[in-house]
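Descriptive analysis of the structure
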Amino acid sequence: MDRAEILKTLKSPAKWGQKYSLWAVYFCTGCGVVEIPPVITSRWDAERFGVLPMATPRQANLFLITGYVSVKTLGAIIRTYDQMPNPKYVVGFGSCPVNGGMYWDSYNTIKHLDKYLPVDGWIAGCMPRPEAIFVAVVHLWQMIDKGIATGYERYKDNYEYYQTNQRAILPHLAKFAGAEAAPGRNS
Amino acid sequence: MSEDDLKKAIERGVEAAAATVQKKGRLVVTVPKTAAVSALIALRARGFEHLSAISCTDWLEEGQFELVYHLWSYSDKIHVMLKTRLPRENPQIVTASPVFPHAQTYEREIHEMYGVRFEGNPRLTPLLLDHWQGPPPMRRDFDTRQYVQDTFGSTPPVGE
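Computed from a prediction, not measured in an experiment: that's the story for all the values here.

What chain B contains, in helices and strands, is 4 helices and 7 strands. Along chain B, helices and strands appear, N-terminal first, in the series α-β-β-α-β-β-β-β-α-β-α. Its C-alpha atoms give chain B principal-axis dimensions of roughly 60 × 40 × 25 Å. Within the span of chain B, comprising 160 residues, buried residues form 26% of the whole.

See below:
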């Protein structure tokens, strides 16, 4: 760590801690997940960046939406996201979560992920290379440093908006109990 | 059994069946919808024990759905395509699930995607779609882009 970093770390140790312990939910939504095994194994080794996959959402704070999101999967994604503890970060991986990608006129695939969940960053491409994940992780570090990776707070503040959009296509989805909880506990 | 023998046997054994040998190892059999299940039973008795798939085609201009049962015989190495047509209005046919139990899943999918009713299939519940509200989506008169526009919001303009 260089000397200028020390002051920054002392000022907000929580951010420093969050930055280097990104645990990604091991949730495969679409074809983009083929890029994840090389990323987390020895070829690219995401552990260098502090990113490790986690099997359960309750112990994870990074959610990579890998590939197209069908309506059925969206329900599972929302349930998973609601279970993750704050602070949590969502990264859309590939073209399909951005605007539908090649499924732009498909009847069963959502087109804009940010209508249903707050998204902190996007990785464009079909498929993005594994290196793109590391670029995204470094961007996410910078955003955490600057305090602008606040998707989980936006979710809480604009829950009505997200909920309306979610229920419009998934009317049976259970209401998230944490929506009325106290506002952000860390800055 | 050769393809020609099979063609003769089917045309003799199943009422109103028309068979053509498309090429070596492939036979196309056309039957009216009332004879579809009896044709399946007859074929199964002749060693066609593998139903690989049931597919459905929407012939919008002719006002008909076409169901194709793909059957394979391991002993004769012959692929039979059993075709039958149903009217597009209120499409109904008797289920093939007593003859081939796994046909239930194929029929479930066709029921969901095309709205064909399979009489006697005990499980015509949704398979792939989640709380689907619109018309069956694989029908050709289903306007996908309009549905996407209404359900998911904006789609980019497309030059064709």
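Having seen the model, we can carry on.
When helices and strands are tallied, chain A shows 8 helices and 5 strands. Each helix (α) and strand (β) of chain A, taken in turn from the N terminus, gives the series α-α-β-α-β-β-α-β-α-β-α-α-α. What you see for chain A is a C-alpha radius of gyration of 16 Å, in line with the 16 Å of a compact globule of 187 residues. Summarising its shape, the C-alpha atoms of chain A cover approximately 55 × 40 × 25 Å along the three principal directions. The 187 residues of chain A split such that 36% are buried. Within chain A, counting contacts between residues at least 6 apart in sequence, those at least 24 apart form 79% of the total.

Once that is clear, we can look at the pairing of strand E5 (residues 78–87) of chain B. All names here are of chain B. Bridging between strand E2 (residues 26–30) and E5 involves 5 bridges; their strand directions are parallel. From the neighbouring strand, Val 29 faces E5, where its bridge partner is Leu 82. The pairing of strand E4 (residues 64–73) with E5 spans 10 bridges and is classified as antiparallel. Opposite Val 68, over in E5, you have Lys 83 as the bridge partner. Turn length for the E4-E5 hairpin, with the two strands adjacent in sequence and antiparallel, is 4 residues, and the turn residue Lys 77 shows positive phi of about 55°.

Residue and element names in this part refer to chain A. In terms of nonpolar packing, the biggest core is built from 45 residues, with Leu 62, Phe 63, Ile 65, Val 69, Val 91 and Leu 117 touching the most fellow members. No other element matches the 5 residues that helix H6 (residues 130–146) contributes to this core. In this structure, Phe 63 is in contact with Val 25, Tyr 81, Met 84, Lys 88, Tyr 89 and Val 90, ignoring residues within four places of it in sequence.

Looking now at the sheet that holds E2(B). All names here are of chain B. Strand order in the open sheet formed by 5 strands is E1-E2-E5-E4-E3, with mixed pairing between adjacent strands. With one partner strand each, in any of the chains shown, strand E1 (18–23) and strand E3 (50–59) form the two edges of the open sheet. Between one strand and the next, the sheet's axes are offset by a mean angle of 20°, whatever the strand orientation. Most of the contacts of helix H1 (residues 3–13) go to E1, to which it runs at about 165°, and overall it touches E1, E2 and E5. Packing against the sheet, helix H2 (residues 36–45) makes contact with E2, E4 and E5, and its axis sits at approximately 170° to E5.

Another aspect to go through is unusual backbone geometry. Looking along the chain, the bond that leaves A:Asn86 and enters A:Pro87 is cis, with omega of -10°. That bond from A:Cys126 to A:Met127 is cis: its omega, -15°, falls within 30 degrees of zero. Counting through the fold element by element, A:Met127 comes out in the loop between strand E5 (121–123) and H6. Of note, the phi angle at A:Asp45 is positive, near 55°, even though the residue is not glycine. Structurally, A:Asp45 is set in the loop between helix H3 (36–40) and strand E2 (51–54). At B:Lys77, a residue that is not glycine, the phi angle is positive and equals roughly 55°.

We now examine the confidence of the model for chain B. Averaged over every residue, the pLDDT of chain B is 89; the share at 70 or more is 96%. As scored by the predictor, the complex reaches a pTM of 0.83 and an ipTM of 0.77.

As a further point, take the environment of B:Pro87. Residues and elements named next belong to chain B. If you trace the backbone, Pro 87 turns up in strand E5. With 25 residues separating them along the chain, Pro 87 and Glu 62 place their C-alpha atoms 8.9 Å apart. Setting aside anything within four residues of it in sequence, one finds Pro 87 in contact with Gly 63 and Gln 64.

This part is about the confidence of the model for chain A. Mean pLDDT over chain A stands at 85; residues scoring 70 or higher make up 93%. Per-residue pLDDT stays below 50 along residues 178–187 of chain A; that stretch engages in 9 contacts with residues further than four places along the chain or on separate chains.

Calculation rules
- Residues numbered from 1 in each chain as written.
- Chains lettered and ligands numbered in written order.
- Predicted model: local features only at pLDDT ≥ 70, side-chain atom pairs only at ≥ 80, totals over all residues.
- Helix = DSSP H or I, 4+ residues; strand = E, 2+ residues; numbered from the N terminus.
- Buried ≥ 20, exposed ≤ 12 C-beta atoms within 10 Å, placed from the backbone.
- Rg over C-alpha atoms; globule rule 2.2 N^0.38 Å.
- Contact = placed C-beta atoms within 7 Å.
- Pairing = 2+ DSSP bridges.
- Core = buried A, V, L, I, M, F, W, Y, C linked by C-beta atoms within 7 Å.
- Axes fitted to C-alpha atoms, helices over the stretch in contact; angles between N-to-C directions.
- pLDDT = per-residue confidence, 0-100.

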